[in-house]
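Listed below, chain by chain, are the residues.
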Amino acid sequence: MAQKLTPMSKDFSRWYTDIVQLAELADHAPVKGCMVIRPYGFGLWENMRDKLDRMIKDSGHENAYFPMLIPESFMKKEAEHVEGFAPELAIVTHAGGKKLEENLVLRPTSETVIYHMYAKWTMSYRDLPILINQWANVFRWEMRPRFFLRTMEFLWQEGHTAHRTEEEAEKETRLALEMYREFAEKVLAVPVIVGEKTASERFAGAVRTYCIEAMMRDGKALQSGTSHMLGQNFAKAFDLKFQDKDGEVRFAWNTSWGVSTRLVGAVVMVHGDDDGLVLPPVIAPIQAVIIPIYRSDEERTGVLEAANKIKEATKGIVRIKIDDRDQYKPGRKFAEWEQKGVPIRIEIGPKDVANSQVVFKRRHDREKEIVPLDKVAELLPERLAEVQQLLFDRAKAFRDEKTMTVDSYDEFKEKIGDGGFFLAHWDGTDETEAKIKGETKATIRCIPLELGQEEGVCMVTGKPSKQRVVFARAY
RNA sequence: CGGGGCGUGGCGCAGUCCGGUAGCGCACCUGCUUUGGGAGCAGGGAGUCGUAGGUUCGAAUCCUAUCGCCCCGACCA
């Protein structure tokens, strides 16, 4: 590793593909469109997953596991769902040396199996709600794959719930959405806009789709999580019914929500710079790396002794690595760990040992700080927390700067090429949305929930609009 | 599926026009000197030139077929 990296400004998409491989997050697999998530990338995902898993459990959900193979007929039971997913299904037709009686699809998402099972488990209103999450892999036969952002097999979490009433289901949908927002902002340090999708961008089979949208460093949007109010669509398709308090038999109300390994791509594209990754401390596989500097063997011994002291003192508090590889000089190690985005580098050389101090250097802004050796265990966690916050602030400032209000379609067309979020009025029709997409490649990322109402007129048709929506080019 | 590019040691490439039996950089291995911003020197290992046919005394190079990959677009978390 440690090769030169294409600068972001020169070719963002090249920068992205390069850094994913150089930082050893992932590599191409033998099957086109599939990737191998390497230990460093998987460590990042594991940290994200563990944090989110805690949040999911703390909000009353339980984990379970449903099978990857789904009878093909299941996929066809909900009309919109089939239509939405049919083009990207991978189907098993043969097994055990024979052609199967019924084809099996590799799940592209699990609504169908899960609601089939829920139907089996639900007799009475007393059996509700069902609040289940699963961590799984899913398959979608994509035409144009990209590391983490779009691969044919990806890892995710999908929450699936069943409720007695519509209100309760809607509340659940919003709860998941809010959980995602908190996760993105606190854990990933990625600011997001929370909103509702337009009909054209809605999940296949949902009544409403909510999402969180983040802005990448090239000004493009990345849908980073979705939460769907499924209404009774799947309940009806899978006969998920219960007898209510009043004796009536009713269909349950469902929600589903998910985030995927795509978030790894989001973290890369939100925080990275021309020197490589910049990882938020909360999820960084290595939060601080110690680079020992020495000439002689005695120096080496003294320096490594200090390094080990730090590692011991922060054990269980900070994920720390001592890079004691002897074949590389410090400069090489600096460059390598910068490329890998380790939030804080700790340099320890003979001078530092002599003065009972070390040098902290932050990855994201290169700030240096001399720290007394006996203060490291105390200060390091504080500094990491500060970095976490600074990364969020920086990303938010960037996004806000690239978010503008526009009222004229001409101005919109002129500026959309530079990226960014555009708050504009829209007449609410599919036609206008499609026209804008056709002419500018920009889509409505969401109808933001927190922007508030504002009377205005559609920038394209001049028809009345009650609030602004977020337009952007997206991944 | 449309457009563009490319298949040659692990990676990146030259050589292909004009056929003569494979080379460069990085990485790797060994040794010595180095070590506070990507070390230097010396020695060394490693390639059925994507695949299959054909032309030829001789093919990485010419002809035919075929497979695959990457980038840009349509689709999508």
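All figures in this text were calculated on a predicted structure; none of them were measured in a lab. (Residues numbered from 1 in each chain as written. Chains lettered and ligands numbered in written order. Predicted model: local features only at pLDDT ≥ 70, side-chain atom pairs only at ≥ 80, totals over all residues. Heavy atoms only, no water.)

## Some words on the packing of helix H2 (residues 39-58) against helix H6 (residues 166-187)
Here's step 1: Contact pair H2 / H6: the axes reach a minimum separation of 11 Å and the direction vectors enclose 145 degrees. For the pair H2 and H6, the crossing hand works out as right-handed. Contact with H2, carried on its side by Met-48, Lys-51, Leu-52, Met-55 and Ile-56, involves Met-179, Tyr-180, Glu-182, Phe-183 and Val-187 of H6 and no other residues of that element. (Axes fitted to C-alpha atoms, helices over the stretch in contact; angles between N-to-C directions. Helix = DSSP H or I, 4+ residues; strand = E, 2+ residues; numbered from the N terminus. Left-handed = near helix turned anticlockwise from the far one by under 90°. Contact = heavy atoms within 4.5 Å.)

## Some remarks on the domain arrangement of chain A
Here's step 1: Partitioning chain A into domains gives domain 1 (12-271), domain 2 (288-388) and domain 3 (404-472).
Here's step 2: For domain 2 versus domain 3, the distance between C-alpha centres works out to 49 Å. (Domains from an automatic or database assignment.)

## Points about the sheet that holds strand E18 (residues 357-362)
Here's step 1: If you trace the five strands from one edge of the open sheet to the other, you get E16-E15-E17-E18-E19, paired in mixed fashion. A strand with exactly one partner marks an edge of an open sheet, and here the two such strands are strand E16 (320-322) and strand E19 (368-372). Pairs of neighbouring strands in the sheet enclose a mean axial angle of 25 degrees, with direction left out of account.
Here's step 2: Relative to E16, strand E15 (residues 288-292) runs parallel, the two sharing three bridges. Each residue of the ladder has a partner; that of Ile-290, found in E16, is Ile-322.
Here's step 3: Across the sheet, helix H10 (residues 330-339) lies against E15, E16 and strand E17 (344-348), angled at about 170 degrees from E15, the strand it touches most.
Here's step 4: Helix-sheet contacts for helix H12 (residues 376-401) involve E15, E16, E17, E18 and E19, and the interaxial angle to E18 is about 10 degrees. (Pairing = 2+ DSSP bridges.)

## What about the pattern of salt bridges?
Here's step 1: Under the defined criterion, the tally for this structure stands at 40 salt bridges.
Here's step 2: Beyond isolated ion pairs, a larger network of salt bridges with shared partners links Asp-273, Asp-275, Glu-338, Arg-345, Glu-347, Arg-363 and Arg-366. (Salt bridge = Lys/Arg side-chain N within 4 Å of Asp/Glu carboxyl O.)

## Quick look at the packing of aromatic side chains
Here's step 1: For the structure shown, the criterion picks out 13 aromatic pairs.
Here's step 2: Here Tyr-115 and Tyr-118 contribute two aromatic rings whose centre-to-centre distance is 5.6 Å and whose plane-to-plane angle is 75 degrees, an arrangement assigned as edge-to-face. In this pair, Tyr-115 and Tyr-118 both sit in helix H5 (residues 111-121), three residues apart, roughly one turn of the helix. Each member of the pair Tyr-115 and Tyr-118 is classed as buried.
Here's step 3: Ring plane angle 45 degrees and centroid distance 5.8 Å describe the contact between Tyr-115 and Phe-234, whose orientation is recorded as tilted. Placement of Tyr-115 in helix H5 and of Phe-234 in helix H7 (residues 233-237) is noted, with a sequence separation of 119 residues between them. With respect to class, Tyr-115 is no different from Phe-234; both count as buried.
Here's step 4: An aromatic cluster of three or more residues is present, and its members are Phe-66, Tyr-115, Tyr-118, Trp-121 and Phe-234.
Here's step 5: Positioned above the aromatic ring of Phe-398 is the side chain of Arg-217, whose terminal nitrogen or guanidinium carbon lies 5.3 Å from the ring centre. (Phe/Tyr/Trp six-rings, centres within 6.5 Å; stacked < 30°, edge-to-face > 60°. Buried < 20%, exposed > 50% of the residue type's maximum accessible area, 1.4 Å probe, protein only. Lys NZ or Arg CZ within 6 Å of the ring centre and 35° of its normal.)

## Details of the state of the cysteines
Here's step 1: All told, the structure shown has zero disulfides when counted by the stated rule.
Here's step 2: Unpaired in terms of disulfides, Cys-211 finds its nearest cysteine sulfur in Cys-446, a separation of 4.7 Å.
Here's step 3: When its relative accessible area of 0% is taken as the criterion, Cys-446 is described as buried. (Disulfide = S-S within 2.5 Å.)

## Section: the nonpolar core
Here's step 1: If you look at the biggest cluster of nonpolar residues, it comprises 60 residues, and the most contacted ones within it are Trp-15, Tyr-16, Leu-25, Met-48, Leu-52, Phe-148 and Leu-188.
Here's step 2: Broken down by secondary-structure element, the contributors of at least two residues to this core are helix H1 (12-22), H2, H6, strand E10 (208-215), strand E14 (253-260), helix H8 (262-271), E15 and H10.
Here's step 3: Structurally, this core is a two-domain feature, drawing no fewer than three residues from each of domain 1 (12-271) and domain 2 (288-388).
Here's step 4: Contact partners of Met-48, with chain neighbours within four places excluded, come to Phe-183, Leu-188, Leu-263, Val-264 and Ile-283.
Here's step 5: One finds Met-75, Leu-89, Tyr-118 and Phe-242 within the second-largest nonpolar core, a separate group that totals 26 residues. (Core = buried A, V, L, I, M, F, W, Y, C linked by side-chain atoms within 4.5 Å.)

## Comments concerning H2
Here's step 1: Given a rise of 1.5 Å per residue, 20 residues ought to cover 28 Å, and the 28 Å separating the end C-alpha atoms of H2 matches this to within 8%.
Here's step 2: Looking at the residues trailing H2, positive phi occurs at Gly-60, about 95 degrees. (Expected span 1.5 Å × (residues − 1).)

## Some thoughts on the pairing of E15
Here's step 1: Along E15, five of the five residues are buried, which leaves the element largely enclosed by surrounding structure.
Here's step 2: Residues Ala-288, Ile-290 and Pro-292 point to one face of E15 and Val-289 and Ile-291 to the other, with burial holding for every one of them.
Here's step 3: Between E15 and its parallel partner E16, the chain crosses via helix H9 (residues 297-313), and the hand of that crossover is right-handed.
Here's step 4: Pairing geometry for E15 and E17, over five bridges, is parallel. Bridge pairing in E17 links Pro-292 to Ile-348. (Right-handed = clockwise from strand over helix to strand, strands pointing away.)

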